[in-house]
Amino acid sequence: MKKQHKNVWATPNAHTELYSDDTAKASQQAILNMARSWRKKKETINHAIKAYEEVIDFDCESEEAEEARKELFQIADEWRKDGKMYVANSLFRKLMHLN
């Protein structure tokens, strides 16, 4: 079920909404691009993970959410291969519950 998003920027008398599906999609894609940049550095990997989670939380059925889930799985799998079992397990478990 797709979440309903409240337009927090519109004035009470606004006749048009500032929010649109195009704006939401573009915002999700921008966040994905930032997350990919953050993922490249160890010191910002947690920013990437948080960004991917936000994309999934916004609309768990979107193409962007599926892409974010794949990215998170890749991070967890890389950690697993590097012997970082505890953090890999934590992220894999989180992925099982991200809708």
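Structure's up top.
Residues numbered from 1 in each chain as written. Predicted model: local features only at pLDDT ≥ 70, side-chain atom pairs only at ≥ 80, totals over all residues. Heavy atoms only, no water.

Engineer: Any chance you could explain the overall build of the protein chain here in plain terms?
Structural biologist: The helix and strand tally for the protein chain stands at 4 helices and 0 strands. Expressed as a percentage of the 99 residues in the protein chain, the buried residues total 31%. Across the protein chain, contacts joining residues at least 24 apart in sequence account for 44% of those joining residues at least 6 apart. Total accessible area computed for the protein chain in this model is approximately 7,400 Å², and 53% of it derives from carbon and sulfur atoms. (Helix = DSSP H or I, 4+ residues; strand = E, 2+ residues; numbered from the N terminus. Buried < 20%, exposed > 50% of the residue type's maximum accessible area, 1.4 Å probe, protein only. Contact = heavy atoms within 4.5 Å. Areas by Shrake-Rupley, 256 points an atom, 1.4 Å probe, with all protein chains shown as cover.)

Engineer: Help me understand the environment of Glu71 in this model?
Structural biologist: By the element assignment, Glu71 lies in helix H3 (residues 63–81). Assessed through its relative accessible area of 13%, Glu71 is described here as buried. Once the C-alpha coordinates of Glu71 and Arg39 are considered, the two residues, 32 residues apart in sequence, prove to be 9.3 Å apart. Those residues within four positions of Glu71 in sequence are excluded, and the remaining contacts are Arg36, Arg39 and Tyr52.

Engineer: I would appreciate a short explanation of helix H1 (residues 21–39) in the present structure.
Structural biologist: In an α-helix, one full turn covers 3.6 residues, which means residues spaced three or four apart are oriented alike. For H1, which comprises 19 residues, the first-to-last C-alpha distance of 27 Å matches the rise-based estimate of 27 Å (1.5 Å per residue) to within 8%. Among the residues of H1, Ala24, Gln28, Leu32, Ala35 and Arg39 are the ones counted as buried. Here the buried residues of H1 occupy an arc of 80° about the axis, which is enough to place them on one side. (Expected span 1.5 Å × (residues − 1). Arc of directions from axis to C-beta.)

Engineer: Even after reading the chapter, I still don't get the side chain of Arg69, so can you show me in this structure?
Structural biologist: Examined against the element boundaries, Arg69 turns out to sit in helix H3. A polar contact is formed between the side chain of Arg69 and the backbone oxygen of Cys60, at a distance of 3.0 Å. With residues near it in sequence (within four places) discarded, Arg69 still touches Ile56, Cys60, Leu95, Leu98 and Asn99. (Polar contact = N/O pair within 3.5 Å; in protein donor to acceptor, adjacent residues only side chain to side chain.)

Engineer: I would appreciate a short explanation of the packing of helix H2 (residues 45–58) against H3 in the present structure.
Structural biologist: How two helices sit against one another is set out by the angle between their axes and by the gap between those axes. Contact geometry for H2 and H3: axes closest at 8 Å, N-to-C directions at 145°. Here H2 and H3 pass one another in a crossing that is left-handed. Contacts between H2 and H3 involve Ile45, Ile49, Tyr52, Glu53, Val55 and Ile56 from the former and Glu64, Ala65, Ala68, Arg69, Glu71, Leu72, Ile75 and Trp79 from the latter. Grouping the amino acids of the contact of H2 with H3 by side-chain chemistry returns 10 nonpolar, no polar and 4 charged. (Axes fitted to C-alpha atoms, helices over the stretch in contact; angles between N-to-C directions. Left-handed = near helix turned anticlockwise from the far one by under 90°. Nonpolar A, V, L, I, M, F, W, Y, C, P; charged D, E, K, R; others polar.)

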